[in-house]
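# Survey of secondary and tertiary structure
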Amino acid sequence: MDLSHIHFHDTGILRVVEDTTNSTLTMEVEYPVDWERNVFERRSLVFQNAHSYQVFEMAFHGPPTILDAAIVATEGRWQTVRLETNAGHRQVSCTSVVLTV
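Since this is a predicted model, take the numbers as computed values, not measurements. (Residues numbered from 1 in each chain as written. Predicted model: local features only at pLDDT ≥ 70, side-chain atom pairs only at ≥ 80, totals over all residues. Heavy atoms only, no water.)

## Remarks on the side chain of threonine 11
Selection rule: Numbering of helices and strands starts at the N terminus; helices are DSSP runs of H or I of at least 4 residues and strands are runs of E of at least 2. Here's how the labels work: a residue is buried when its accessible area is under 20% of the maximum for its type, exposed when over 50%, partly exposed in between, all with a 1.4 Å probe on protein chains only. Here a polar contact is recorded for every N or O atom pair within 3.5 Å, except that within protein the pair must consist of a potential hydrogen donor and a potential acceptor, and residues adjacent in sequence are included only if both atoms are side-chain atoms.
Residue position: threonine 11 is located in strand β1 (residues 11-19). A relative accessible area of 1% means that threonine 11 is categorised as buried. A distance of 3.2 Å separates the side chain of threonine 11 from the backbone oxygen of histidine 7, its partner in a polar contact.

This is how it looks when you write it as structure tokens:
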């Protein structure tokens with residue numbers, strides 16, 4: 001899994017939806033499309049074949065913002081993606097991550 005094509009920094013998490021039928025976890029986000037002009041658009045981060053999602057964040061006013069993302073573990077075909085946020089961190093085990101409009 002390659003995360004380099006997704007610019008995670010300053011992406012605001014608005015809502016998370018689990019689709020058990022398709023084994024996906026979708027984060028609806030405010031994604032920086034023009035960072036220099038401070039332009040953000042609604043996009044979705046889709047974690048495919050997701051089988052684990054954990055949130056380790058403190059109480060926070062407003063939506064959490066992603067600061068960084070990294071693959072922290074591999075088990076079989078699944079990789080664990082850790083999202084560092086301004087409120088703590090989140091982890092998702094999945095086979096791929098896709099940014100959609």
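## A look at the nonpolar core
Operational definition: Each nonpolar core is a collection of buried residues, namely Ala, Val, Leu, Ile, Met, Phe, Trp, Tyr and Cys, held together in the definition by side-chain atoms within 4.5 Å. Whether two residues touch is decided by their heavy atoms; if any such pair falls within 4.5 Å, the residues are in contact.
One finds Phe8, Met27, Leu45, Phe47, Val81, Leu83 and Val97 to be the most contacted residues of the largest nonpolar core, which totals 17 residues. Looking at this core, the elements with two or more residues in it are β2 (24-34), β3 (39-48), β5 (65-75), β6 (78-85) and β7 (88-94). When residues of this core are assigned to their parent elements, the largest contribution, 4 residues, is made by β2. Excluding anything up to four places from it in sequence, phenylalanine 47 contacts Ser23, Thr24, Leu25, Met27, Val81, Leu83, Val92, Cys94, Ser96 and Val97.

## A look at unusual backbone geometry
Even without glycine at this site, asparagine 38 takes up a positive phi of about 60°. Mapped onto the fold, asparagine 38 is located in the loop between β2 and β3. Among the residues examined, asparagine 38 registers a relative accessible area of 58% and is labelled exposed. Phi at asparagine 49 is positive, roughly 55°, even though this residue is not glycine. Relative to the elements of secondary structure, asparagine 49 occurs in the loop between β3 and β4 (52-57). What makes asparagine 49 partly exposed here is its relative accessible area of 30%.

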